[in-house]
Amino acid sequence: LTDVIMTKLRTREGLDLNWIRNENIHGQSKADAVLRGAELALDMDLAKREQYDDNNYDYLRLEDPDGFLFSNNIISQIFVELDELE
């Protein structure tokens, strides 16, 4: 999971939060942890969450260029939140 998060957040496509929810044990808890870890980045407009209920679309993306510049910090905070689940 951590490899997917690290790779996907460094692409323009971003991270599919529904994939985390549906393809992982305790997926909802893990998706919530990702969002907690990204909270500061979202507040500072370094990341963006896009949701569309009509087609079950829920992605987390880093904003270009500043989100990518701080990607290591953002991803590290997400990993901290995921570690706290264990």
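Use the structure listed above.
Let us look at the structure shown here.

About the cut-offs
- Residues numbered from 1 in each chain as written.
- Predicted model: local features only at pLDDT ≥ 70, side-chain atom pairs only at ≥ 80, totals over all residues.
- Heavy atoms only, no water.
- Helix = DSSP H or I, 4+ residues; strand = E, 2+ residues; numbered from the N terminus.
- Buried < 20%, exposed > 50% of the residue type's maximum accessible area, 1.4 Å probe, protein only.
- Polar contact = N/O pair within 3.5 Å; in protein donor to acceptor, adjacent residues only side chain to side chain.
- Contact = heavy atoms within 4.5 Å.

1. Focus on the side chain of E50
Mapped onto the secondary structure, E50 falls in strand 2 (residues 47-52). Judged by relative accessible area, which is 17%, E50 ranks as buried. A polar contact is formed between the side chain of E50 and the side chain of R61, at a distance of 3.2 Å. Excluding residues that lie within four positions of it along the chain, E50 makes contacts with Y57, D58, Y59 and R61.

2. Considering unusual backbone geometry
It is generally the case that most residues other than glycine have a negative phi and that most peptide bonds are trans. Here the residue pair D64 and P65 is connected by a cis peptide bond, since its omega of 5° sits within 30 degrees of zero. Looking at the element boundaries, P65 is found in the loop between strand 3 (57-62) and helix 5 (66-69). Even without being glycine, H26 reaches a positive phi, approximately 60°. Turning to its location among the elements, H26 is positioned in the loop between helix 2 (17-23) and helix 3 (27-37). A positive phi angle, close to 60°, is found at D45, a residue other than glycine. Looking at the element boundaries, D45 is found in the loop between helix 4 (39-43) and strand 2. The class for D45 is exposed, based on a relative accessible area of 59%.

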